[in-house]
Amino acid sequence: MRLMSKPKLVFKTTINLLCCCLALLPFMFSSSTMAAETTKIKDTPLKIGGFSETVMIVSNIDTASQFYQDIAGWQVIDDSPADSHLLNLWKLPAHTKVKQTLLANKGTTTGFIRLVELQGIKQQRIRANTQAWDIGGIFDINMRVKSMDETFKKMQQHGWSSNTEPVQFTFGPFVVKEWIVKNSDGVAFALIERVAPTLEGWPNLKKFSRVFNSTQVVADINKSLHFYQNVLGFKTYLEHKGASKEAGPNVLGLPHNIATQVERSVYILHPEGKNEGSIELLQFHGATGKNVSSHAQPPNIGITTLRFPVNNLNALKKLLTDNNIKIESQQKMHLLPYGLVHILSVKTPDNTWLEFYQEI
């Protein structure tokens with residue numbers, strides 16, 4: 001009897017151990033898979049994309065949203081409540097109330113505009129009372145328009161204003177009309193209509209196109225170039241230095257008689273050297289004004305930040321740390337349409353607030 005009982009005990013123990021092992025297999029597989037994925041991400045070379053969206057803090061989100069729908073011809077793609085972790089990312093008090101709306105040019109998957117309204121916190125406008133040559137913050141965002149004449153009339157009716165009227169000029173092989181226009185929140189657009197040759201490759205351009213470029217007016221273009229080119233690895237799409245060829249109207253609103261004397265340095269930069277989610281750096285040589293860079297951060301009203309997708313945020317953090325670039329904040333948060341993301345913020349040499357995110 002005893003001899004028979006031992007095999008039964010061993011058999012039951014073996015079965016129990018086997019069951020335990022089988023039960024643990026999914027967790028063991030899951031852990032090993034996660035470890036492999038973590039290693040894979042860790043070893044992935046850093047890749048930064050062009051910015052996918054522009055974030056604006058506005059004084060009235062309903063009015064702003066209606067403008068983009070009625071005048072720009074865009075559509076709302078998300079107006080769900082903002083993740084509460086946005087307050088931590090932007091270093092805002094916990095009692096701050098947030099409303100947000102994400103809009104897109106119909107048919108596009110990038111170049112979004114995210115409107116944010118904050119309540120219960122003191123704010124000021126970043127670039128509402130500035131000239132083009134005043135330094136600090138994000139100067140404008142660039143969009144193409146189908147008809148400049150129609151856009152000009154409608155935007156004036158909605159309270160947008162400018163120091164100039166639309167200016168037509170020749171840029172390389174292209175003839176374009178451009179107009180830099182601003183609203184009372186200090187949000188500025190550089191609107192561009194292609195006159196000749198016929199624009200191709202923009203099938204979703206019905207009224208306004210997606211956002212494809214954004215300008216920063218800087219104090220020292222060499223410092224800014226070092227940040228974007230040497231630290232972040234951006235490549236040059238366009239480089240130009242010069243003054244206006246003739247005295248007269250110009251898109252930047254310089255006095256007509258000195259437009260030929262004030263040189264401007266311009267660089268358009270992108271991680272892959274494209275003009276799609278690209279950064280434009282602009283420095284005026286001989287025209288000086290005030291510096292509003294200390295205001296260029298949340299919760300102040302205006303164009304707040306540009307958001308860039310990355311494939312390896314840890315690698316970016318190391319790159320920034322190795323180059324003595326301070327990480328202002330970092331969070332894990334839900335951010336539609338991307339889903340759950342890790343996101344961090346930094347400041348450029350001129351205090352412009354930028355954000356980089358990785359989809360989880």
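We now turn to the structure provided with this report. (Residues numbered from 1 in each chain as written. Predicted model: local features only at pLDDT ≥ 70, side-chain atom pairs only at ≥ 80, totals over all residues. Heavy atoms only, no water.)

1. Comments concerning the pattern of salt bridges
Point 1. Scanning all chains against the criterion turns up twelve salt bridges.
Point 2. Notably, a salt bridge pairs Arg-210 with Glu-276, separated by 2.7 Å at the nearest N-O pair. On the criterion of sequence distance, the pair formed by Arg-210 in the loop between strand S8 (188-196) and strand S9 (213-217) and Glu-276 in the loop between strand S11 (263-270) and strand S12 (278-285) is long-range, its members being 66 residues apart.
Point 3. On the basis of relative accessible area, Arg-210 is assigned to the buried category, the value being 15%.
Point 4. Classification of Glu-276 as partly exposed rests on a relative accessible area of 25%.
Point 5. Connected through shared salt-bridge partners, Glu-53, Arg-114, Arg-307 and Glu-355 make up one network. (Salt bridge = Lys/Arg side-chain N within 4 Å of Asp/Glu carboxyl O. Helix = DSSP H or I, 4+ residues; strand = E, 2+ residues; numbered from the N terminus. Buried < 20%, exposed > 50% of the residue type's maximum accessible area, 1.4 Å probe, protein only.)

2. Brief notes about the environment of Thr-170
Point 1. Mapped onto the fold, Thr-170 is located in strand S6 (residues 167-171).
Point 2. A C-alpha to C-alpha distance of 9.6 Å links Thr-170 and Val-195, two positions 25 residues apart in sequence.

3. Considerations on the nonpolar core
Point 1. Counting residues in hydrophobic clusters, the biggest one holds 53 residues, and the most contacted among them are Tyr-68, Phe-189 and Phe-356.
Point 2. Element by element, the count of residues in this core is highest for helix H5 (residues 221-231), at five residues.
Point 3. Beyond its immediate sequence surroundings of up to four residues, Tyr-68 is in contact with Met-56, Gly-73, Trp-74, Leu-103, Ile-113, Leu-115, Val-187 and Phe-189.
Point 4. Of all hydrophobic cores here, the second largest spans 21 residues; its members include Leu-86, Leu-89, Trp-90 and Met-333. (Core = buried A, V, L, I, M, F, W, Y, C linked by side-chain atoms within 4.5 Å. Contact = heavy atoms within 4.5 Å.)

4. Structural notes on the layout of surface pockets
Point 1. Within this model, the largest pocket holds a volume of roughly 1,400 Å³.
Point 2. What lines the largest pocket is a set of 40 residues, and nearest its centre among them are Phe-169, Thr-170, Phe-171, Glu-178 and Val-251.
Point 3. In terms of residue count, the dominant contributor to the lining of the largest pocket is S6 (five residues).
Point 4. Counted by class, the lining of the largest pocket contains 20 nonpolar, twelve polar and eight charged residues. (1 Å grid on protein atoms, 1.4 Å probe; cavity = no way out; pocket = protein on both sides within 12 Å on 5 of 7 lines; lining within 4 Å. Points joined across faces, edges and corners; volume = space filled by probe spheres on them. Nonpolar A, V, L, I, M, F, W, Y, C, P; charged D, E, K, R; others polar.)

Remember that the coordinates give geometry; whether it matters functionally is a separate question.
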